[in-house]
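Structure assessment
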Amino acid sequence: MDLGLFRFLCQAETRRLVSLLGVTITILLVLQFSELPNSEFFSSLTAKIKSFTMDTPLVNSTIETHNGNVNLYASNSSSISPQTSSLDEVASLEKGKRVETVDVFRNHSSQENQSSLLAPQPMVPLSNTSFFDSKVYPKDGILSSLQRSNATTVKDASAIWKNSKRRPSKVVSISEMNLILQHNHDSSQGAKPASSSAVNAEILNAKSEIENAPIVMNDSRLYSPLYRNVSMFKRSYELMEKMLKVFIYQDGDKPIFHEPLLEGIYASEGWFMKSMEGNKQFTTRDPEKAHLFYIPFSSRLLQLTLYVRNSHKRSNLIEYMKNYVDVIAGKYPFWNRTNGTDHFVVACHDWAPAETRGRMLNCIRALCNADTEVGFEIGKDVSLPETYVRSDENPLKNIGGNPPSQRPILAFFAGGLHGYVRPMLLNLWENKEPDMKISGPLPHVRGNKNYIELMKSSRFCICARGHEVNSPRVVEAIFHECVPVIISDNFIPPLFEVLNWESFAVFIKEKHIAYLRDVLVSISEERYLEMHKRVKMVQEHFLWHHEPVKYDLFHMLLHSIWYNRVFYTS
């Protein structure tokens, strides 16, 4: 054959193949983005293909909503742009949407930038290559695909949630909480005058030293990913140990004042009271030297003493605390000098937000019921861990859990069905999957052994709200080295101003409970092992001791109160 003719035929055949390929691609695109019946199939296929590239952004498994859309993003939420996916549409890709590449890896020096008060610490690489290298991060696909695969479940969950009378009127996401905290601390122009100009100068100097803290590299005790900023935390803690002085009011009659309860679900307030009133390092009898003033009341004993059973009225409890403040404000000059902003209370009962209304709203309130819906002010108030202490002689009884290789249960929950979230959890997940143990109350066994053993044998422990946002399961999960899965809208996690909760816990919004299993199974083994490690390491911050030790819950709670005293201006 003539060489020229051969070349001509080859070129013609090539053009024909290219044209055929172009037509095929065009038809596929038209089908995908049109309203044809087959478009959903191609959208689903596209979404499933893309999902294989999403291991890194999904691993920390935070599901949130912003302006009605779902965000699913990695733990250091401030480091990346939230990616959204509409829950209200069936198609997984809308026409015109684009795929974005997000660099979610930040080196150590950039994370330690002291100009950002709340910059979370960098995630520790899990191999020689950073776990958070640049990834293709689709704006749509995963959740829409999940929505279709669980269409009936999603519909049922959505209906239950919408019909719940007690659900929040407005949901504040965990990323929005981070921004509020940053704003309330960054906007501080200096602490309010305290009991003297000397004390105020000390507060201002402490603030400056914390903001300009030396960068901490590889601290032998503090694992940086657990904290928002380990350098600032370490310096703040050192200054607290060096200079903090607390004046404790001796006014108030027992049992409501000065009588700590050390057992039960509200024991945190009692253990703090016991440790604070028995402390010599941080307390002072000279109020002129005090940076903080402690009102040592028990919200639990206030309820037990004054509440009239079945009256459904708390007005007498609120009035009692109002009268107390009136007494100390009239008897001493300290409250009036700052309008109470350098005073604090520690209260764990569900009613504590109501009992501390009125003038007490100016105080720093350490509350177990840390709910933005009932007046908790992020950056001023402190989220108090609710710790269920079953033995005051041994508050650390049964602490610990099985290694990851001996945790066959994917997710565990058992408990009373009060509130609207827990019935929804059981309706969707009880007896649905063999590796998910979701149930109501377990049969009573001495020492609660069944419950504890199930926690110790589970990878993830569900911390679903009851009547209120707080639950002792958050601390119990940490005690038993089970990664907490928090399903409680508007709940501010304990010690929020210091800890980077998204590095060791999973957050799922109440109305997205139908995605629970999908989120958990999407977490890679490598990532789970790192989260489990972090839960074990953060455990020391949630322990009560008869004699407080460095970095335990007494010191961490006092530090959070001190930290907000330094940085917050109302």
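To keep things clear, this report deals only with the structure shown in the data block.

Procedures and definitions
- Residues numbered from 1 in each chain as written.
- Predicted model: local features only at pLDDT ≥ 70, side-chain atom pairs only at ≥ 80, totals over all residues.
- Heavy atoms only, no water.
- Helix = DSSP H or I, 4+ residues; strand = E, 2+ residues; numbered from the N terminus.
- Buried < 20%, exposed > 50% of the residue type's maximum accessible area, 1.4 Å probe, protein only.
- Areas by Shrake-Rupley, 256 points an atom, 1.4 Å probe, with all protein chains shown as cover.
- 1 Å grid on protein atoms, 1.4 Å probe; cavity = no way out; pocket = protein on both sides within 12 Å on 5 of 7 lines; lining within 4 Å.
- Points joined across faces, edges and corners; volume = space filled by probe spheres on them.
- Nonpolar A, V, L, I, M, F, W, Y, C, P; charged D, E, K, R; others polar.
- Phe/Tyr/Trp six-rings, centres within 6.5 Å; stacked < 30°, edge-to-face > 60°.
- Lys NZ or Arg CZ within 6 Å of the ring centre and 35° of its normal.
- Core = buried A, V, L, I, M, F, W, Y, C linked by side-chain atoms within 4.5 Å.
- Contact = heavy atoms within 4.5 Å.

1. Quick notes on the overall build of the protein
Helix and strand content of the protein: 20 helices and 15 strands. Here the protein, with 570 residues, has 56% of them falling under the buried criterion. Just so you have it, the protein exposes about 24500 Å², and 53% of that area is on carbon and sulfur atoms.

2. Some thoughts on the layout of surface pockets
Space inside the largest pocket adds up to approximately 580 Å³. Taken together, 28 residues line the largest pocket, and the ones lying closest to its centre are Ile265, Tyr388, Gly416, Pro472 and Arg473. The residue inventory of the lining of the largest pocket, partitioned by class, reads 10 nonpolar, 10 polar and 8 charged.

3. What to know about unusual backbone geometry
Following Lys254, the chain continues into Pro255 via a peptide bond in cis, with omega recorded as 5 degrees. Mapping Pro255 onto the fold places it in the loop between strand 6 (246-248) and helix 10 (267-277). The residue Asn339 is not glycine, and still its phi comes out positive at about 60 degrees. Mapped onto the elements of the fold, Asn339 is located in the loop between helix 13 (334-338) and strand 8 (343-347). Even without glycine at this site, Tyr551 takes up a positive phi of about 70 degrees. Inspection of the secondary structure assignment puts Tyr551 in the loop between helix 19 (525-538) and helix 20 (553-567).

4. Looking at the packing of aromatic side chains
All told, the structure shown has 25 aromatic pairs when counted by the stated rule. Between Tyr249 and Tyr332, the ring centres sit 5.6 Å apart and the planes meet at 55 degrees, which makes this aromatic pair tilted. In this pair, Tyr249 is assigned in the loop between strand 6 and helix 10 and Tyr332 in the loop between helix 12 (315-331) and helix 13, connecting sequence segments 83 residues apart. Assessed through its relative accessible area of 21%, Tyr332 is described here as partly exposed. Clustering of aromatic rings is evident, with ring pairs tying together Phe247, Tyr249, Phe293, Tyr332 and Phe334. Note that Arg228 overlies the ring of Phe496, its terminal NZ or CZ placed 4.2 Å from the centroid.

5. Re the nonpolar core
With 130 residues, the main nonpolar core has Phe272, Ile462, Trp501, Leu516 and Ile561 as its most contacted residues. With near-sequence residues (within four places) excluded, Leu516 lies in contact with Leu425, Trp429, Met436, Ile462, Val485, Ile487 and Ile508. Ranked by size, the runner-up nonpolar core spans 8 residues in total, among them Ile409, Tyr451, Met455 and Cys461.

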